[in-house]
Every structure is written in structure tokens, then in C-alpha cells.
Amino acid sequence: MREALAGSPDLDIAGGQTPVRMLFALLDGNNAEAEQVLAASPRPDFQDIDFSFYYPKAWFEAIVAQERGDSAQALNALRSTRAILAQRLIIKPEHARTIAVLAQVDARLGQKELALQEAKHAIDLMPISKDIYDGGLVLEGLAQVYTWSDEHDRAIDLLRKLVAMPSYINYARLKFHPLWKPLRGNPQFEQIVASLGPKS
């Protein structure tokens, strides 16, 4: 992936490559480069998992600020993300994916009860019995809410469910993505990661 991106430095189809470049920079411990990658793009939003949902640029700015240890900037970026998502919900008030991401933002803002209420509402709107694709992503949103609300056992229980069904949960995402950092070092979480890893 690094080689492919290096060979096409301007490639950013529908905003799909910028978050990957950002993540590689974070994995290398180069927070400044991650910030520069985001700042260099004129796009207001990017897709991170699929091409049916676009995360506000501020969402990724919050991730970079968090990794840099800049809590104040992370909070400002999260508040900006929340405002953008709230505007989207005025247009599509029952959009499950938007509500699920809003819940994750509220969890990171310390609004645990509100975040749980939103995440569960998103699941009611888009259960996996209705749509295994979006339903799985919405369920992952609840796992993220638990992760950032210090409900780690509940997050891990949901992750066990997600890895046993078709979903976007995978080895690299759990092992490296900053969104799962609060669970790292938890033996049960590490067991899930190892179960998905390369088999020798």
C-alpha cells in the first residue's frame, strides 16, 4: 500500500487515500506529516471504510490531535465534527450511520449517556438483521462508544460478535488504528487481535 501511494502521490479518489496516508504517518510516529496530509487536501470530508459514508475532515483532525497529545485541539475538532454531523441530521434525521458516528464523537467528548442513547438508536434504525453491511458498521459504532467510555468489557464482547460475522473489523484495523488504542494491552482484546493475525 505504501508503494502504491508513493507511486501516485496525487491519487485521492473520492477522498479515499488521504486517511490511509494519514494513518501511515501516525504509525511512523510522524504526527506533523499526518497533519500536513490532511491540510494539503481541499476536500471537506473523506471516506475511511467504504464509499457510502464520508467523515468530516475535522474527524481526522481530532485523531491526529489526540495522537499528538493536544487535548484542546482534539476537543475543538470533535466539536466541529459534531456540528457538521448535526447539520447532516437536519437533512436526514434518521440516518443510522451519521447517528452512530455522532455517538462516537459524543463518547469522546465525555457525554457517555447521550452517546449510548445515540448508538443504540442507530442500531434500532439499522439492525444487522436488516442490513448486515451497514448494520455491522453501526454495531461497531457502539463498540467504539464503549471503548471511549471505559466500558471495555462491553466493547470486547461486541468485538467478539463482530469478528464472528461479516464486518470491517480486521487484524490491521484493531492492531494499528488509533481509535482502538484504549483497548490495547487488555488481554482479552489482544486475544481477539491475535486470532485475526497471520497464522504461522
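As shown above, the structure is provided for reference.
Just so it is clear, the structure is predicted and the values come from calculations on it, not from any experiment. (Residues numbered from 1 in each chain as written. Predicted model: local features only at pLDDT ≥ 70, side-chain atom pairs only at ≥ 80, totals over all residues. Heavy atoms only, no water.)

(A) Structural detail: the packing of aromatic side chains. Throughout the structure, instances matching the rule amount to 5 aromatic pairs. Taking the centre distance of 5.0 Å and the plane angle of 80 degrees together, the rings of Phe-53 and Tyr-55 count as edge-to-face. Accessibility classification places Phe-53 together with Tyr-55 in one group, the buried group. Against the face of Trp-59 rests Arg-108, its NZ or CZ located 5.9 Å from the ring centre. Over the aromatic face of Trp-148 sits the side chain of Arg-108, whose NZ or CZ is 4.9 Å from the ring centroid. (Phe/Tyr/Trp six-rings, centres within 6.5 Å; stacked < 30°, edge-to-face > 60°. Buried < 20%, exposed > 50% of the residue type's maximum accessible area, 1.4 Å probe, protein only. Lys NZ or Arg CZ within 6 Å of the ring centre and 35° of its normal.)

(B) View of empty space enclosed by the protein. According to the stated counting rule, one finds 2 cavities of 30 Å³ or more in the structure shown. By volume, the largest cavity amounts to about 140 Å³. Surrounding the largest cavity, 15 residues form its lining, Ile-49, Tyr-55, Gln-104, Leu-137 and Glu-140 being those nearest its centre. Mapped onto the lining of the largest cavity, the elements with two or more residues apiece are helix 6 (96-108) and helix 8 (132-148). Tallying contributions element by element places helix 4 (residues 57-68) first for the lining of the second largest cavity, with 3 residues. (1 Å grid on protein atoms, 1.4 Å probe; cavity = no way out; pocket = protein on both sides within 12 Å on 5 of 7 lines; lining within 4 Å. Points joined across faces, edges and corners; volume = space filled by probe spheres on them. Helix = DSSP H or I, 4+ residues; strand = E, 2+ residues; numbered from the N terminus.)

(C) Quick peek at unusual backbone geometry. If you check the backbone angles, Ala-14 has positive phi at about 55 degrees while not being a glycine. With respect to the helices and strands, Ala-14 occurs in the loop between helix 1 (2-7) and helix 2 (18-27). Look at Asp-150: it is not a glycine, yet its phi comes out positive at around 60 degrees. Given the relative accessible area of 65%, Asp-150 is considered exposed.

(D) Molecular detail of the layout of surface pockets. As a volume, the largest pocket reaches approximately 500 Å³. Considering the residues around the largest pocket, the lining is formed by 22 residues, among which Met-1, Val-20, Leu-23, Asp-48 and Arg-173 are closest to the centre. No other element matches the 6 residues that helix 2 contributes to the lining of the largest pocket. Split into classes, the residues belonging to the lining of the largest pocket amount to 15 nonpolar, 5 polar and 2 charged. (Nonpolar A, V, L, I, M, F, W, Y, C, P; charged D, E, K, R; others polar.)

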